Amino acid sequence: MTSLRRTASLLLAAAAFSLGLSAGAQAQQKPEGITIGYLNLVNAQLVTKALGLHEKSGVPIKWVKFGSGGDMNRAVAANQVDFGGVGNPPFTLGATRALPYKGIFVLNMLGPVESLAVRSDKNIKSLKDLAGKTAAAPFGSTTHYLFIAALKEAGVNPTDVKLIDLSPSDAVAAWLRKDIDAAWIWEPNLDKIVKNGGEIFLTSGEMAKRGYPTWDVGVVMNDFAAKYPDQVVAYVKAECEGIDYWLKHPKETVDIIAKELSLPPEDAERMMKGTTMVPCPEQITKDYLGTPGQIGQFADTMLATATFLKDQGRLPSVMDRAGYAAFIDPSYLAKALGK
């Protein structure tokens, strides 16, 4: 009897060991390819892309450019990307609508790189002067959120402005046709408007000081993360390497940004100054993502953004803070940093 029990125990132990090896091997598997959706923005992800930092993992990388966070959300819903990037309003919209992703690192904090530009010859001296005029912003984006917030703060009913949904590139085309009088978009398209009769009226950096911070966050699809957790850590490490390069090699980064966006170096340098890169160790503090056990202020921003979007009729309901915090996962970044 004792012998039988011993044999059974050994068999169970062997089976458990085999299963453990199988699970460990599965976690170490690499995907056949990775699709990265990236925003056409001035940030360190362009450095990561240009230096081929993700390709060092040995997995084929497909880069797909998107014009806005709203476009990225649609790609997520259609299961077209493995990783992506979205600003806080589209991320909040996606979370409330239960899109299958998690925010895993901070792409950038937004400043003058996003701004409201108005026609110089329209004598627009205050936001109230936009009443009756036509303006553009990509709906569901950071700039759309800030545009509405700025109008309300100035006592202007947003319905008094004919605000139309245009991507940054389409906004430039509409501007050149003189179809619009103002646009809140981001670089490099913002500069095209300024150089064609526009002037900067209000920046996203100024709105942050008024209590409306905006940021872009890198996201991973839930299914991908479940299948390839080690690959997600490797992905975040590569992004952190790109951020470090931006911070430590500004001159070389200017050349990279200029080439990636087909800009003169002086324009690339100016646009870089309008974007804040957050060093990865700072990202897992309370001011940003927080830690796996205590999600930081990004969850508060999402809740405030959701409340605002609901008031504007963009969302049917709002989750509590815990609901939004559940869409932020700093664990991959913590592992990438050896925390």
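Residues numbered from 1 in each chain as written. Predicted model: local features only at pLDDT ≥ 70, side-chain atom pairs only at ≥ 80, totals over all residues. Heavy atoms only, no water.

### Section: the confidence of the model for the chain
- Looking at the chain as a whole, its pLDDT mean stands at 91, while 92% of the residues score no less than 70.
- Note that pLDDT drops below 50 for residues 1–27; the model gives that stretch three contacts with residues more than four away or on any other chain. (pLDDT = per-residue confidence, 0-100. Contact = heavy atoms within 4.5 Å.)

### Some words on the pattern of salt bridges
- Enumeration over the complete set of coordinates arrives at 13 salt bridges.
- Between Glu 153 and Arg 210 there is a salt bridge, and its shortest N-O distance comes to 3.1 Å. Separated by 57 residues along the polypeptide, Glu 153 in helix α5 (residues 142–153) and Arg 210 in the loop between α8 (204–209) and β10 (215–221) bring together distant segments of the chain.
- Residue classification places Glu 153 among the partly exposed residues on the basis of a relative accessible area of 41%.
- Salt bridges sharing partners connect three or more residues here, namely Glu 187, Asp 191, Lys 195, Asp 267 and Arg 270. (Salt bridge = Lys/Arg side-chain N within 4 Å of Asp/Glu carboxyl O. Helix = DSSP H or I, 4+ residues; strand = E, 2+ residues; numbered from the N terminus. Buried < 20%, exposed > 50% of the residue type's maximum accessible area, 1.4 Å probe, protein only.)

### Considering the pairing of strand β4 (residues 101–110)
- For β4, the tally of buried residues reaches nine of 10 residues, placing the bulk of the element in the interior.
- Of the pairings in the sheet, the one linking β4 to β10 comprises seven bridges and is antiparallel in character. Opposite Val 106, over in β10, you have Val 217 as the bridge partner.
- Alignment of β4 against strand β11 (residues 275–276), held across two bridges, turns out to be antiparallel. When the bridges of β11 are listed, Met 109 appears paired with Thr 276. (Pairing = 2+ DSSP bridges.)

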